[in-house]
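# Observations on the three-dimensional arrangement
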Amino acid sequence: MKARLHHIAITNFKAFREFSLKLEGRHLLVYGANGAGKSSLYWALFTFLQSARKLKKNVEKYFDPDSPQHLLNIHEQGETTPKPGEIALTLRDTTTRNDTTYRISQTDHGTFKQPAILKGELASDFITYRFFFGFSDFRNSQKFNVWPLFEKEILPFCVSTAGAKQTPLEMWNAIKSGDPNPSGSRGIGGANAYSLFHQRTERFAKALLGIVDAISTEAQAFYDKHFSMDDPKRVTLKLGLTTHPTSSGDRQQDFQFTKPVVEFGIQIDGKTITRPQSFLNEAKLTQLALSVRFAASLVNLHESDLKLLVLDDLLVSLDMSNRMRVVDILLSETFTNYQKIILTHELGFFREFRRRIGNNHANWRFVGLQGNAAQNIKVKSEKSDLEKAEDYLNGHDIEEAAMFLRKAAEDTAKRYREWAEGKTLPPGQFFSLTDNLRAARNKLLADIPVTLYKNVLKNTPTAHRMLLLSSDDSDLDNNANLQPQDKAILKSKRRDLRNALTNDGWDKMEAVEAVDRVLEMTERVLNPASHGNTLPLYEEEVRRAKRLIDRLENVLESQ
């Protein structure tokens, strides 16, 4: 069985009074202003998955209006008859298409010890911007001790070590108070309490050492793969448990408890850099922090039908180059097994992320959250510019359709150029629609001899491709002046030429031709300056331009 999150329903929880969202197994990209419910959605999912291993009393308190720890919506609670708080998630079996809904509320603990939710909690990961802000907080510290961050942002998502009945977080929670005998037992009971505390401390120390070492190794590999290409010298990073958690003493008078210290350090060309947080610029420090945090996700991989990767404004503190690099990482095969939920308050980033998704739009749901905690927060599907152009065309609003069509064309042309050149355009740098189309055209033509394009490929009907060069090699076989090895070489080169004419070269020719047709439309339909002239746009002109943009998209989808 492979389960995907199909539907989310939240009632009277944090910013939500009544909230419903269909994912239908797709990834989710969410835009919303501050206060529109993004973080509440994050915490609803986190609370839900965590509930599977908690006792009922530790779940119902979030929905009990008399509990000081309740997370109910204060505006809903102000109603004469407030709705009971509840979080309900529906999972769909991708094989059988059967749905199962799990609920948590003050009276319902439907997730408790449910295998799908237990495994999903271990396999999923939740990452917020706080980890990267926290990394920056160490800038003026002599010792780069990341344990406080590690405890809050990584330890909750670490899986159990082999044979352990508890998660590392549960191990830590059992000892972090530093009080081995909170009930004040005496005699044998007191001695047993101290002995048990020492055993728990040793067990956690062993587990923590393994986790830190594994993350350190994976972080180096992650950094080398995704960030090292710009380094003039070799950068080596290290995460180390420099102070182990320990406890000693059998009585209150001589008892000592030492909390762990996890230090972060780097070397450049083998030379240790003291206070790396002061030596490195913000962008490089962020890359190292990203490597550590994503490494924590990768070393804690756990087999599960349900695997969520939930990111709450993760990239808000990153410069644009790092943002786009992280987006590419998230969309890469590294995280292909996760169902991703990306939350952001920046509309520009939302649009850029959507653009980066490219031709895989069908696998994503794009929504905006509107409203606030006092209202019912609404879900609004965010349409693409091409979809908006289609809507305006159907409504016969030609000028608006042309405006959105140009926006869509600019987006498509940028991706078209990136495909043709095989590299991402520099973020923040503007290139016009015609700049991108002509650059893409020139790159494609560079791979096809111009004379071959003009004299052979161009204007040759698709049905005539195979007739350009005969597949019959009898002329070579019958040529007595050729040696056998020469005949073999010539036959091989003919095969390559046929392939260039019928496959690779033809694909590039069609791509160039698509660009040519769009360029012809730029002055009339796709040029905003032309929309105010005395000659009106006609609906058929705009529809033809849309068909050409669709053709560019089809070329991209076929690659």
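Described in the following lines is the structure provided in the data block. (Residues numbered from 1 in each chain as written. Predicted model: local features only at pLDDT ≥ 70, side-chain atom pairs only at ≥ 80, totals over all residues. Heavy atoms only, no water.)

## Regarding the sheet that holds strand E11 (residues 271-273)
Backbone-to-backbone hydrogen bonds join strands into a sheet, with any given pair of strands oriented parallel or antiparallel. As a reminder, the rule being used: Whether two strands pair depends on DSSP finding at least two bridges between them. Labels follow the DSSP assignment, with helices taken as runs of H or I lasting at least four residues and strands as runs of E lasting at least two, numbered in each case from the N terminus. For helices, the fitted line uses only the C-alpha atoms of the stretch in contact; every axis is such a line through C-alpha atoms, and the angle between N-to-C directions lies from 0 to 180 degrees.
What the three strands build is an open sheet, ordered E7-E10-E11; its pairing is antiparallel. Single-partner strands in this sheet number two, and they are strand E7 (235-243) and E11. Strand-to-strand twist in this sheet, taken as the mean axis angle between neighbours without regard to direction, amounts to 35 degrees. Both E7 and strand E10 (residues 261-268) contribute to a ladder of eight bridges, which runs antiparallel. Within E10, the position partnered with glycine 240 by the bridge is glutamate 263.

## What about the pairing of strand E14 (residues 364-370)?
Condition: Whether a residue is buried, partly exposed or exposed follows from its accessible area with a 1.4 Å probe, protein chains only, as a fraction of its type maximum: under 20%, in between, or over 50%, in that order.
Burial within E14 is extensive, with six of its seven residues counted as buried. In this sheet, E14 lies alongside strand E3 (residues 27-32) in parallel orientation, the contact comprising six bridges. Along E14, the bridge assignment pairs glycine 32 with leucine 369. Sheet topology note: the E14/strand E15 (residues 378-381) ladder contains four bridges and is antiparallel. For glutamine 370, the partnering residue across the bridge sits in E15 and is lysine 378.

## What about the sheet that holds strand E6 (residues 125-128)?
If you walk across this open sheet you meet the six strands as E6-E12-E13-E3-E14-E15, and the pairing is mixed. For this open sheet the edge positions go to E6 and E15, each flanked by a neighbour on one side alone. In this sheet, neighbouring strand axes are inclined to one another by 20 degrees on average, regardless of whether the strands run parallel or antiparallel. Two strands pair when backbone bridges link them, and E6 and strand E12 (residues 308-312) are joined in this way by four bridges, in the parallel orientation.

## Thoughts on the packing of aromatic side chains
Under the convention used in this document: Pairs were defined over the aromatic rings of Phe, Tyr and Trp, the Trp ring being its six-membered one, requiring ring centres within 6.5 Å. Orientation was assigned from the angle between planes: stacked under 30 degrees, edge-to-face over 60, tilted for the rest. The criterion is that NZ of a Lys, or CZ of an Arg, lies within 6 Å of the ring centre and within 35 degrees of the ring normal, and then a charge sits over that ring.
In the structure shown here, the tally under the stated rule is 27 aromatic pairs. Note on phenylalanine 46 and phenylalanine 157: the rings are 5.8 Å apart at their centroids and 70 degrees apart in plane angle, and the pair reads as edge-to-face. Taken together, the residues span a long stretch of sequence, with phenylalanine 46 in helix H1 (residues 38-50) and phenylalanine 157 in the loop between helix H6 (147-154) and helix H7 (168-173) at a distance of 111 residues. The exposure classification of phenylalanine 46 matches that of phenylalanine 157, with both residues buried. Geometrically, the ring pair formed by tryptophan 147 and phenylalanine 204 is edge-to-face, given 6.5 Å between the ring centres and 65 degrees between the ring planes. Of this pair, tryptophan 147 sits in helix H6 while phenylalanine 204 sits in helix H8 (residues 187-226); the two residues are 57 residues apart in sequence, bridging distant segments of the chain. Taking relative accessible area as the criterion, tryptophan 147 reaches 5% and is therefore assigned buried. Residue phenylalanine 204 is classed as buried on the basis of its relative accessible area of 1%. Put simply, the rings of Trp147, Phe150, Trp172, Tyr194, Phe197, Phe204, Phe255 and Phe257 pair up and form one aromatic cluster. Lying across the ring of phenylalanine 366, arginine 354 places its NZ or CZ 4.2 Å from the centre. The aromatic ring of phenylalanine 431 is capped on one face by arginine 417, whose charged end is 4.6 Å from the ring centroid.

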